[in-house]
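These are the residues of each chain, in order.
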Amino acid sequence: MWFVDFGPVRDREQGKDRPALVVSSPFHLGITMGQLITVLPLTSVERTGWTHRVRITNGGGWVITEQIRTVSAPRFRRHASEITLTEDELADVRHVLAQMLTVELPVLLSGGRRR
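Quantities reported herein were computed from a predicted structural model and do not represent experimental measurements. (Residues numbered from 1 in each chain as written. Predicted model: local features only at pLDDT ≥ 70, side-chain atom pairs only at ≥ 80, totals over all residues. Heavy atoms only, no water.)

Draft legend 1. Highlighting the overall build of the protein. On a plain count of helices and strands, the protein comes out with three helices and seven strands. Counting from the amino terminus, the protein carries its helices and strands in the arrangement β-β-α-β-β-β-β-β-α-α. Residue burial in the protein is summarised as follows: out of 115 residues, 33% are buried. Look at the contacts in the protein between residues 6 or more apart in sequence, and 53% of them connect residues 24 or more apart. By element, 54% of the accessible surface of the protein is carried by carbon and sulfur atoms, the whole surface being about 7800 Å². (Helix = DSSP H or I, 4+ residues; strand = E, 2+ residues; numbered from the N terminus. Buried < 20%, exposed > 50% of the residue type's maximum accessible area, 1.4 Å probe, protein only. Contact = heavy atoms within 4.5 Å. Areas by Shrake-Rupley, 256 points an atom, 1.4 Å probe, with all protein chains shown as cover.)

Below, the structure written as structure tokens:
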């Protein structure tokens, strides 16, 4: 978990300096040489009925799973060690992301590339 500068923003994007959960894989970090990192911002605002947001009990707030962002490394301000996810919360984030993202596994498993 890191504090990330999300400004400037457009429309309904989350802005400001706020905590974010890093979701980049080692593979992604390797191919971008650690310069582009995918994150999910956090919010302190509860949205009733938004079941895709994951509540964090240690540090407070909710993971905004619908706003997947890839940001440059210089946007990272400081490590947010005071905010941690339980194994169950992390599993919930993974579950929501799996529902939001579609990956064509047969193409990936065969080693082929889409054109």
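Next comes the rest of the account.
Draft legend 2. Here's a closer look at the pattern of salt bridges. Going through the model one piece at a time under the given rule, you end up with three salt bridges. A salt bridge links E66 to R53; its shortest N-O distance comes to 2.6 Å. In this pair, E66 sits in the loop between strand 5 (62-63) and strand 6 (69-72) while R53 sits in the loop between strand 3 (36-43) and strand 4 (54-55), placing the two residues 13 residues apart along the sequence. Among the ionic pairs, E82 bridges to R78, the shortest N-O distance being 3.1 Å. Residue class for R78 comes out partly exposed when judged on its relative accessible area of 41%. (Salt bridge = Lys/Arg side-chain N within 4 Å of Asp/Glu carboxyl O.)

Draft legend 3. Representation of the nonpolar core within the structure. Residues M1, L42, V63 and V93 are the most contacted members of the largest nonpolar core, which totals 13 residues. Elements supplying a minimum of two residues to this core: strand 3 and helix 2 (87-100). By residue number, the principal contributor to this core is helix 2, which donates three residues. Ranked by size, the runner-up nonpolar core spans seven residues in total, among them V4, F6, V71 and F76. (Core = buried A, V, L, I, M, F, W, Y, C linked by side-chain atoms within 4.5 Å.)

Draft legend 4. The side chain of E89, seen in detail. With respect to the helices and strands, E89 occurs in helix 2. For the buried E89, no salt bridge is present, and the opposite-charge side chain at shortest range is R55, 7.2 Å distant. Within polar-contact distance, the side chain of E89 engages the backbone nitrogen of T57 at 2.9 Å. Residues within four places of E89 in sequence aside, it is in contact with V54, R55, I56, T57 and T84. (Lys, Arg positive; Asp, Glu negative; His and termini not counted. Polar contact = N/O pair within 3.5 Å; in protein donor to acceptor, adjacent residues only side chain to side chain.)

Draft legend 5. Geometry of the pairing of strand 3. Most of strand 3 is tucked away: seven of the eight residues are buried. Pairing of strand 2 (residues 17-22) with strand 3 involves three bridges; the strand directions are antiparallel. For A20, the partnering residue across the bridge sits in strand 3 and is P41. Relative to strand 6, strand 3 runs antiparallel, the two sharing four bridges. Considered in strand 6, the bridge of L36 is made with S72. Here strand 3 pairs with strand 5 via two bridges, running antiparallel. Bridge pairing in strand 5 places L42 opposite V63. (Pairing = 2+ DSSP bridges.)

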